[in-house]
Amino acid sequence: MIVDDEPLALDVLETFIGRLDSLELVCRCHNAVEAYNCLQSEHIDLMFLDIQMPKLTGIDFLKSLANPPKVIFTTAYRDYAVEGFELNVVDYLLKPIAFDRFLKAVSKVTAAEQPVPAAAVPATVAVPAATPFSAPDYKEAFIYLKADKKMVKVMLADILYIESLKDYIRVKTETKEIISYQKISFLEEKLPADKFLRIHRSFIVALDKIQAFSASAVDIGKSEIPIGRFYKNEVLQILNQNNLLEA
């Protein structure tokens, strides 16, 4: 997420973010109010936050957050550097921001996200509760998704993974791909928790379709699906406990 009251500054950061495969721009905000609303509705890992903004400064906004994401301050003034680091921000970028300096700041975030060794993950965790789609009913269970002006029947047992595309979802099976106007969070609530697992803000995977996993990704078919940083501990606990024996 980027927060800045200057359209040009927003454009520059959006361009820089677009150059990196590791970053995805979720929200572009012009003030602290828009930023707050975004944080309430979206899962944000990193926020580029301008300090000098009308009504509420970036520093005051950050202090108001109980559980803020990682923050990189952006400002035209050097005077706030000390206070910024006292707030445990990742970095402090001075405008005009050069791409190499932007890249260095982002690398500090990724460097802090070292993979968690599988052996270090506790083996005791509650398995998700079963749902009405438990075996043997699960093999006959299905959902309808609207695609191409039709309601398409999708068997739950055929789903490999589901990917969020902002306001749409991509449902991938072994034989087809369905694009539907739907929020991934809505579908997550409808799927059986003992069969599907949210491993990333943008991905839900079928547990019995996982062929291999590491601390950072799972392999399903020909796809490698990333494990989100905020989902990692729970995902690895579940996968290590199940040891894929359910597949």
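Everything numeric in this text was worked out from a predicted model, so none of it was measured.

Q: Got a minute to help me understand the overall build of the chain in this structure?
A: Helix and strand counts for the chain come out as seven helices and 15 strands. Of all intrachain contacts in the chain linking residues separated by at least 6 positions in sequence, the fraction that spans at least 24 positions is 48%. Looking at the chain as shown, the accessible area adds up to about 13,900 Å², and 52% of this sits on carbon and sulfur atoms.

Q: Which parts of the structure should I look at to understand the confidence of the model for the chain?
A: Detail in the predicted coordinates should be disregarded across regions flagged by low pLDDT. Summing up the model confidence of the chain, the mean pLDDT is 82 and the portion of residues at 70 or higher is 83%. Considering each helix and strand of the chain separately, the mean pLDDT is smallest for helix α4 (residues 81-86), with a value of 56, and largest for strand β1 (residues 2-3), with 97. pLDDT under 50 marks residues 114-136. Its contacts with residues more than four places away, or in other chains, come to 36 contacts.

Q: Explain the side chain of His200 to me, please; I cannot follow it from the model alone.
A: Locating His200 in the fold gives a position in strand β11 (residues 196-200). There is a polar contact of 2.9 Å between the side chain of His200 and the backbone nitrogen of Ser202. Contacts of His200, omitting those with residues within four sequence positions, involve Pro226, Ile227, Gly228 and Tyr231.

Q: How should the sheet that holds strand β13 (residues 212-213) be read in this particular structure?
A: Note on sheets: strands pair through backbone hydrogen bonds, and any given pair is parallel or antiparallel. With respect to topology, three strands assemble into an open sheet ordered β13-β14-β15, the strand pairing being antiparallel. Looking along the sheet, the strands with just one partner apiece sit at the ends: β13 and β15 (223-226). Bridging between β13 and strand β14 (residues 217-220) involves two bridges; their strand directions are antiparallel. What sits directly across from Ala212, in β14, is Asp219.

Q: In this structure, what is going on with the sheet that holds strand β3 (residues 46-50)? I would like to understand it.
A: Read from one edge to the other, the open sheet built from five strands follows the order β2-β1-β3-β4-β5, with strand pairing classed as parallel. Edge positions in the open sheet fall to β2 (28-29) and β5 (91-94), since each of these has one partner strand only. Across five bridges, the pairing between β3 and strand β4 (residues 70-75) is parallel. In the strand pairing of β4, Phe48 is matched with Ile72.

Q: Which parts of the structure should I look at to understand the environment of Met155?
A: Mapping Met155 onto the fold places it in strand β7 (residues 150-155). Sequence spacing of Met155 and Phe142 is 13 residues, and the spatial spacing of their C-alpha atoms is 4.2 Å. With near-sequence residues (within four places) excluded, Met155 lies in contact with Lys139, Glu140, Ala141 and Phe142.

Q: Sorry, what's going on with the layout of surface pockets here?
A: Gaps left between atoms show up when a probe the size of a water molecule is rolled over them. Approximately 350 Å³ is the volume attributed to the second largest pocket. Every residue lining the second largest pocket is counted, 16 residues in all, and those nearest its centre are Glu42, Ser164, Lys166, Lys183 and Arg201. When grouped by side-chain class, the residues that make up the lining of the second largest pocket number four nonpolar, five polar and seven charged.

Q: Honestly, the nonpolar core in this entry has me stumped. Any pointers?
A: Across soluble globular proteins, nonpolar side chains show a tendency to be buried alongside one another. Met1, Val3, Met47, Leu49, Phe61 and Phe73 are the most contacted members of the largest nonpolar core, which totals 21 residues. If you list the elements that add at least two residues to this core, you get α2 (32-41), β3, α3 (58-64) and β4. For Met47, the residues in contact, after removing those within four places along its chain, are Met1, Val3, Phe61, Leu65, Pro69, Lys70, Val71 and Ile72. Formed by 18 residues, the second largest nonpolar core is a distinct cluster that contains Tyr161, Phe203, Ile210 and Ile238.

Q: Please explain the state of the cysteines as it appears in this structure.
A: A covalent bond bridging the sulfur atoms of two cysteines is what the word disulfide describes. Under the counting rule described, the total for this entry stands at one disulfide. Disulfide partner of Cys27: Cys38, at an S-S distance of 1.9 Å. For the disulfide bridge between Cys27 and Cys38, the dihedral angle about the S-S bond is near 85 degrees, and by the sign convention the bridge is right-handed. Taken together, the residues span a long stretch of sequence, with Cys27 in the loop between α1 (7-18) and β2 and Cys38 in helix α2 at a distance of 11 residues. Using a relative accessible area of 12% as the deciding quantity, one classes Cys27 as buried.

Calculation rules
- Residues numbered from 1 in each chain as written.
- Predicted model: local features only at pLDDT ≥ 70, side-chain atom pairs only at ≥ 80, totals over all residues.
- Heavy atoms only, no water.
- Helix = DSSP H or I, 4+ residues; strand = E, 2+ residues; numbered from the N terminus.
- Contact = heavy atoms within 4.5 Å.
- Areas by Shrake-Rupley, 256 points an atom, 1.4 Å probe, with all protein chains shown as cover.
- pLDDT = per-residue confidence, 0-100.
- Polar contact = N/O pair within 3.5 Å; in protein donor to acceptor, adjacent residues only side chain to side chain.
- Pairing = 2+ DSSP bridges.
- 1 Å grid on protein atoms, 1.4 Å probe; cavity = no way out; pocket = protein on both sides within 12 Å on 5 of 7 lines; lining within 4 Å.
- Points joined across faces, edges and corners; volume = space filled by probe spheres on them.
- Nonpolar A, V, L, I, M, F, W, Y, C, P; charged D, E, K, R; others polar.
- Core = buried A, V, L, I, M, F, W, Y, C linked by side-chain atoms within 4.5 Å.
- Buried < 20%, exposed > 50% of the residue type's maximum accessible area, 1.4 Å probe, protein only.
- Disulfide = S-S within 2.5 Å.

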